[in-house]
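Here are the chains, one letter per residue:
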Amino acid sequence: MNPSTLTRHRWPLVAGAGALVIYALFFASSYDQRILTLSGIYVIMVLGYQFIFGHAGALSLAQGAFFGVGAYVTGILASKFGTGFVLTFPLSVAGASMLALIVAVPVLRLASHYFALATLALSQLLLLIAVNWEAVTGGANGLPGVPPISIGDWQATRGLPLLLFVWGLAVVAMLIARWQLRPARVAAFTVMRDTPLAVPAFGIDPGLLRLRAFLLSAAFGGAAGALFVHTNRVVSPETLGFGVMITCLTMTVVGGRFGILGAVIGALLLTHLPEWFRGLDEYYLVAVGVLLLAMVVFAPDGLASFFKFSGSTHTPISTPAQPGSTEYAPPVASGRPVLEASNMSRRYGGVQALDGVDLALGAGEIVGLIGPNGAGKTTLANIITGIARADTGNIRSAGLDLARATPTAIARHGVARTFQTPQLPDGLTVREAVETAAANAGDTANVRGAATAAEAIATCDLSDIADTRCGTLPHGLRRRVEIARALAGGPHLLVLDEPAAGLAPEEQAEIAQILRTLAGSGLAILVIDHNLEFLQPLATRLACLDAGRLIADGPRDDVLANDAVQAAYFGLVMPTSTSGVSA
Amino acid sequence: MSALPRVFIVATALLATLTAAAAEPLRIPVLVPITGFLALEGTSQRNGAELALRGSGVDFDVNDTATSPEIAVNAFERALTSGRARDDVIAVVAPMLGTQMLALIPLADEFNVPMVTVSGTARITELGSANVFRFFPGDVVVKAAHARYAVEELGVKRPAVIFQTTAYGQSGRAELDRNLTALGRPAVFAEGLDVSVKDMLPVLSKVRESGADALLLHLHSGPTALVVRQARAMGLDIPIIAGSAMHQPETAALLAPSELAGVCAESGASPISESDPATRAFADAYRTAFDREPDAFALGQYDGVQMLLAAVRAGAKSAADIRAYLASRRYRGLAMTYASDGKGNMAHSAVILCYSGDSRVPVIVKRYENLTGIL
């Protein structure tokens, strides 16, 4: 987007913001200033909620609880002990954050609606405490007598001083949000939302990312609650009520789940809207409800999406990197296998998915893993990459015990994979997806950040579409992008789950050529596929699984000639029974 | 232009402005909860105020405060600082919800505007504000009548108490406890209910197990009706002496007359039960204006606003004049005689009313006059 387009798109925003500032400073009544002050407080709360609800994609119903905790910490300390804002404000932020940290352990493990219910339960529990612990909280009456904000001799009195102070803090909150949401982290959040299955494959620790979002949402919620109490001069159970949560959720949905603009629009609109319609008496709720419904229908991504700029903000690669310049040398002694698996077994209920499987891969080797449906191929891939755990057996790669490591640690160690169905974040461009994997590669020795990502894109011949969103790519290109993503982590072992499935012959040939190039630079590759036309010319070795057992492992032609493989894989009658592994 | 004409023009303009300002009618904003869980009571409060203000020459505008302090403060600031000059505002009809009053008191003190309310929450007159005037007997009054009627008139020995876990409920429960203990009949069972609870069987089973010989309620309208109905349905036939919510015609309308047999309630008044001509005229006017039955909240707010208008008729022109009038004068209203106890508690009498079982119109069975000794 060129600067003139940018200016053209942004001028209504700049003009609107300027008009709002002039109105607030010179024309607003005390009442108008109060509503704007409340808007500023809600901006802070919504900015926090965007972390967990927008970026992390988790429907938390605890934002009202964090708001309430911040409110009560300030309310109790200020009204009962006369503690000043300089102390109560950070304590409110810390109190809400501590609560989030305590509940994060059990709650963040839960998925979707269970997470929503658990966070709702937290809010209800706190509300009950606030109502019934009368000696401390003042019960349902709450605690009156909260003084105005004062710092030293200066006091943020009602009206313009309080308005400016609150919006000053809102700007600070915006800067913190912007700092926390640098592009690499936004991309990691996108991966977590769009492709939860593949998050570890990107080297992203989903638990840590979710925890960060939850803590930030709590901290912002606590800060907003503290300011709210000073604005209303009383703390009462309404601050913990579900109404606050609904208000926050509505602001976020109407304004936008991502970005400062969404938070500002949502907070300003939802704070003012009921006031504009208040004159309708009992019917104002109907009017507000109809208007909100219309907004959600016509702007499902939030009103801020009307001001969104299309295309990626990344600078296109001016000089594409040359393919194949990265050496995927495993950090193991020469001659030692990159992958060593022995006696691997895994049972799912009554099904023995893997039964005493031994497998080894050396550097630069391409091993094809074949077998009929249900033979245990994907289970083995999942165990190698830590997504599933073996019941018995040992499995190591370049010094790491894969049986004990997390999927993220395994990916960061240099064991990469692709999936049967490509797992790519639709909302990211090819470059952003690959760079995200490179940025989160952690301790992998081969990674040089963006340079490695650029090389991976070039190796997979994707430079021309590097700035295209993954969600718009055809299937064949998605397969290649997945390989590029896997390479961005600088792996020494690559596990490919049916990389040729659904591809045209020429696309299969392109992938095969990429894999040969990679093996030539030292990468160990395990390819799971049914397609022998693809595998036969590619693999230097074949291994065959049947009903969880490894029935053959050896040179390609020997395995294909094996009677047991013929019987299991091609359905031919086996002349003699075979037990154990042969080649 | 010489200096004289300029001075004349400026003086004329100034005079015109002042005349225009003086011509602005006095104003009493009505800030009441007409949405949310207190909509029923809040609407009565609004209607009472509106009936008094119609045709009085004093301007008024109704603002909904819903049920949160935030919206109440918004409404207050809008009424006083948005649009017309705030000097016109001589008083505010303030919401009956205790938490909202607690949030409004600092503002009323800052703006120096008296607030007239029918809130029963004890705390609002304990904060030292000179701007709170309560025209409904507070918990100190009605809970004394509540407990005394149960113990002294009905001979209750083992009372059970069910209260609401709202500001209203907790405030009343504390006074009820204090009075029952003082009468030597402490509650054998007490439990708080959230306003959202619909199944009363668990709490009523506990009441039965406690061996209570009377059930004292301090609940909002809907929960009161639910408790009465479910108590009768499960055969819990001990006397029920409810809080003021039970006196409301809307609460009685939720129950069959037979379910109301043996049910009594405390209240500041019961306009539909009174036979004196003035109160009957009020009730008729109320029915005509709003197509519903009046209750004690409507009557209390009506009396409160009538006292404000009496102050205006007596020459009050500012909020300060009104405050001085309310704080120092005695006023004979329809429900009772009002006078401040120095803290803004204007109502000091209560009534007990009971349902016969064949009508939804209760009969006043006991009047407790001047319980605080102020009058």
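Residues numbered from 1 in each chain as written. Chains lettered and ligands numbered in written order. Predicted model: local features only at pLDDT ≥ 70, side-chain atom pairs only at ≥ 80, totals over all residues. Heavy atoms only, no water.

### Things to note about the overall build of chain B
So, point 1. A tally of regular secondary structure across chain B gives 12 helices and 14 strands.
So, point 2. For chain B, the C-alpha radius of gyration of 22 Å lies close to 21 Å, the compact-globule estimate for 375 residues.
So, point 3. Once the C-alpha set of chain B is aligned to its principal axes, its extents read approximately 95 × 40 × 35 Å.
So, point 4. Carbon and sulfur atoms provide 55% of the accessible area of chain B, an area that totals close to 13600 Å².
So, point 5. Once the 34 positive and 38 negative side-chain charges of chain B are each reduced to a mean point, those two points are 3 Å apart. (Helix = DSSP H or I, 4+ residues; strand = E, 2+ residues; numbered from the N terminus. Rg over C-alpha atoms; globule rule 2.2 N^0.38 Å. Areas by Shrake-Rupley, 256 points an atom, 1.4 Å probe, with all protein chains shown as cover. Lys, Arg positive; Asp, Glu negative; His and termini not counted. Charge placed at Lys NZ, Arg CZ, Asp CG, Glu CD.)

### Looking at the overall build of chain A
So, point 1. For chain A, the helix and strand inventory stands at 21 helices and 14 strands.
So, point 2. Out of the 583 residues in chain A, the part that is buried amounts to 54%.
So, point 3. Partitioning the intrachain contacts of chain A with sequence separation of at least 6 by distance along the chain shows that 74% fall at a separation of at least 24. (Buried < 20%, exposed > 50% of the residue type's maximum accessible area, 1.4 Å probe, protein only. Contact = heavy atoms within 4.5 Å.)

### Points about the pattern of salt bridges
So, point 1. Taken as a whole and assessed by the stated rule, the structure comprises 24 salt bridges over all chains.
So, point 2. The salt bridge involving R541 of chain A is made with D553 of chain A; its shortest N-O contact spans 3.0 Å. In this pair, R541 of chain A sits in strand β13 (residues 541-546) while D553 of chain A sits in strand β14 (residues 549-555), placing the two residues 12 residues apart along the sequence.
So, point 3. A salt bridge links E250 of chain B to R292 of chain B; the nearest nitrogen and oxygen atoms lie 2.7 Å apart. (Salt bridge = Lys/Arg side-chain N within 4 Å of Asp/Glu carboxyl O.)

### Focus on the nonpolar core
Residue and element names in this part refer to chain A.
So, point 1. In terms of nonpolar packing, the biggest core is built from 160 residues, with L494, L515 and I525 touching the most fellow members.
So, point 2. The leading source of residues in this core is helix α2 (residues 30-55), at 15 residues.
So, point 3. If you count residues domain by domain, this core takes at least three from each of domain 1 (30-241) and domain 2 (339-570).
So, point 4. Discounting residues that sit within four places of it in the chain, L515 has contacts with I366, I483, L494, L496, I525, V527, F534 and L538. (Core = buried A, V, L, I, M, F, W, Y, C linked by side-chain atoms within 4.5 Å. Domains from an automatic or database assignment.)

### Thoughts on helix α6 (residues 167-182) of chain B
So, point 1. In this model, α6 of chain B (16 residues) spans 23 Å end to end at C-alpha, consistent with the 22 Å of a helix rising 1.5 Å per residue.
So, point 2. Listed as buried for α6 of chain B are A167, Y168, G169, Q170, S171, G172, R173, E175, L176, N179 and L180 of chain B.
So, point 3. The secondary structure elements touched by the buried residues of α6 of chain B are α5 (112-132) and α6 (134-137) of chain A together with α4 (98-111), α5 (139-153), β6 (159-164) and β8 (214-218) of chain B.
So, point 4. Two residues or fewer past α6 of chain B, G184 of chain B is found with a positive phi of approximately 80°. (Expected span 1.5 Å × (residues − 1).)

### Here's the deal with the interface of chain A and chain B
So, point 1. Listed as interface residues are 30 residues of chain A and, on the opposing side, 34 residues of chain B.
So, point 2. Summed over both partners, the interface of chain A with chain B buries about 2700 Å², with 51% contributed by carbon and sulfur atoms.
So, point 3. Where chain A packs against chain B, one counts three salt bridges.
So, point 4. One salt bridge in this structure joins R173 of chain B and E134 of chain A, with 3.0 Å as the shortest N-O distance.
So, point 5. If you look at where chain A meets chain B, you find 12 residue pairs in polar contact (both at pLDDT 80 or more).
So, point 6. For the side of chain A that touches chain B, the leading source of residues is α2 of chain A, giving six residues. (Buried area = accessible area lost by both parts, 1.4 Å probe. Polar contact = N/O pair within 3.5 Å; in protein donor to acceptor, adjacent residues only side chain to side chain.)

### What to know about helix α13 (residues 377-384) of chain A
So, point 1. Burial analysis of α13 of chain A places seven of its eight residues in the buried class, which makes it a mostly covered element.
So, point 2. All of the buried residues along α13 of chain A are K377, T379, L380, A381, N382, I383 and I384 of chain A.

### Thoughts on the sheet that holds strand β10 (residues 415-417) of chain A
Residue and element names in this part refer to chain A.
So, point 1. Pairing within the open sheet is mixed, and its six strands lie in the order β10-β11-β12-β7-β13-β14. Each having just a single partner strand, β10 and β14 make up the two edges of the open sheet. Strand-to-strand, the axes of this sheet are offset by a mean angle of 15°, without reference to chain direction.
So, point 2. On the sheet, α13 packs against β7 (366-370), β10, β11 (493-497), β12 (524-528) and β13 and is oriented at approximately 145° with respect to β11.
So, point 3. Across the sheet, helix α17 (residues 475-488) lies against β10 and β11, angled at about 155° from β11, the strand it touches most. (Pairing = 2+ DSSP bridges. Axes fitted to C-alpha atoms, helices over the stretch in contact; angles between N-to-C directions.)

### Focus on the domain arrangement of chain B
Many descriptions give the size of an interface as the accessible area lost when the pieces come together.
Residues and elements named next belong to chain B.
So, point 1. The assigned domain composition of chain B is domain 1 (23-137 + 275-344) and domain 2 (139-267 + 351-368).
So, point 2. Computed over C-alpha atoms, the centres of domain 1 and domain 2 are 28 Å apart.
So, point 3. For the pairing of domain 1 and domain 2, the buried interface totals around 1300 Å² over both sides, and the portion due to carbon and sulfur atoms is 64%.
So, point 4. Counting across the interface, domain 1 meets domain 2 through one salt bridge.
So, point 5. Applying the counting rule to domain 1 against domain 2 returns five residue pairs in polar contact (both at pLDDT 80 or more).
So, point 6. Its residues assigned to classes, the side of domain 1 that touches domain 2 comprises nine nonpolar, three polar and four charged. (Nonpolar A, V, L, I, M, F, W, Y, C, P; charged D, E, K, R; others polar.)

### As for unusual backbone geometry
So, point 1. Even without glycine at this site, N343 of chain A takes up a positive phi of about 55°.
So, point 2. Along the polypeptide, N343 of chain A turns up in strand β5 (residues 339-348).
So, point 3. Despite not being glycine, A66 of chain B has its phi angle at roughly 50°, a positive value.
So, point 4. By the element assignment, A66 of chain B lies in the loop between β2 (62-64) and α3 (69-81).

### So, the sheet that holds strand β10 (residues 263-267) of chain B
Residue and element names in this part refer to chain B.
So, point 1. With mixed pairing, seven strands are arranged side by side in an open sheet as β7-β6-β8-β9-β10-β13-β14. On the outer flanks of this sheet lie β7 (189-193) and β14 (363-368), each paired with one strand and no other. Looking at each pair of strands side by side, their axes are set apart by 20° on average, direction ignored.
So, point 2. As paired strands, strand β9 (residues 240-242) and β10 are joined by three bridges and run parallel to one another. Each bridged residue has a counterpart across the sheet, and for I241 the counterpart in β10 is C264.
So, point 3. Against the sheet, α6 engages β6 and β8, with an angle of about 160° to β6.

### Let's talk about the pairing of strand β13 (residues 350-354) of chain B
All names here are of chain B.
So, point 1. The buried fraction of β13 is high, at five of five residues.
So, point 2. Neither face of β13 is open: one carries A350, I352 and C354, the other V351 and L353, and all of them are buried.
So, point 3. Two strands pair when backbone bridges link them, and β10 and β13 are joined in this way by four bridges, in the antiparallel orientation. Bridging across to β13, A265 finds its partner in L353.
So, point 4. Direction of pairing for β13 relative to β14: antiparallel, over a ladder of five bridges. Across the sheet, the residue bridging to L353 is I364, located in β14.

### Overview of a nonpolar patch on the surface
So, point 1. A cluster of nonpolar side chains, namely L20, V21, I22, Y23, L25, F26, F27 and L164 of chain A, defines an oily patch on the protein surface of about 780 Å² accessible area.
So, point 2. The leading source of residues in the nonpolar patch is helix α1 (residues 3-27) of chain A, at seven residues. (Patch = residues over 30% accessible without salt bridge, like charges linked within 9 Å, V, L, I, M, F, W, Y side chains within 5 Å.)

### Some thoughts on the state of the cysteines
So, point 1. This structure, assessed with the given rule, holds one disulfide over all chains.
So, point 2. Disulfide pairing is shown between C264 of chain B and C354 of chain B; the S-S distance is 2.1 Å. Measuring handedness by torsion sign, the sulfur bridge of C264 of chain B and C354 of chain B sits at about 105° and is right-handed. Taken as a pair, C264 of chain B in strand β10 and C354 of chain B in strand β13 lie far apart in primary sequence, 90 residues in all.
So, point 3. On the basis of relative accessibility, which here comes to 7%, the residue C264 of chain B falls in the buried class.
So, point 4. C460 of chain A provides the cysteine sulfur closest to C470 of chain A, a residue in no disulfide bond, and the two sulfurs are 13 Å apart.
So, point 5. Residue class for C470 of chain A comes out buried when judged on its relative accessible area of 0%. (Disulfide = S-S within 2.5 Å.)

### Focus: the domain arrangement of chain A
Residue and element names in this part refer to chain A.
So, point 1. You can read the domains of chain A as domain 1 (30-241) and domain 2 (339-570).
So, point 2. Each of domain 1 and domain 2 has a C-alpha centre, and these two points are 43 Å apart.
So, point 3. At the junction of the two partners, domain 1 supplies 15 residues and domain 2 supplies 18 residues.
So, point 4. Summing both partners gives a buried area of about 1400 Å² for domain 1 against domain 2, and 72% of it is carried by carbon and sulfur.
So, point 5. Summed over the shared surface of domain 1 and domain 2, the number is zero salt bridges.
So, point 6. Counting across the interface, domain 1 meets domain 2 through four residue pairs in polar contact (both at pLDDT 80 or more).
So, point 7. Taken together, the residues that form the side of domain 1 that touches domain 2 break down as 10 nonpolar, three polar and two charged.

### Quick notes on the packing of aromatic side chains
All names here are of chain A.
So, point 1. Scanning the entire structure with this criterion turns up 16 aromatic pairs over all chains.
So, point 2. Between Y42 and F67, the ring centres sit 6.4 Å apart and the planes meet at 15°, which makes this aromatic pair stacked. One end of the pair, Y42, is in helix α2; the other, F67, is in helix α3 (residues 63-81), and 25 residues separate them in sequence. With respect to class, Y42 is no different from F67; both count as buried.
So, point 3. Between W154 and F165, the ring centres sit 5.6 Å apart and the planes meet at 40°, which makes this aromatic pair tilted. Of this pair, W154 sits in strand β3 (residues 154-156) while F165 sits in helix α7 (residues 160-180), and the two are 11 residues apart along the sequence. (Phe/Tyr/Trp six-rings, centres within 6.5 Å; stacked < 30°, edge-to-face > 60°.)

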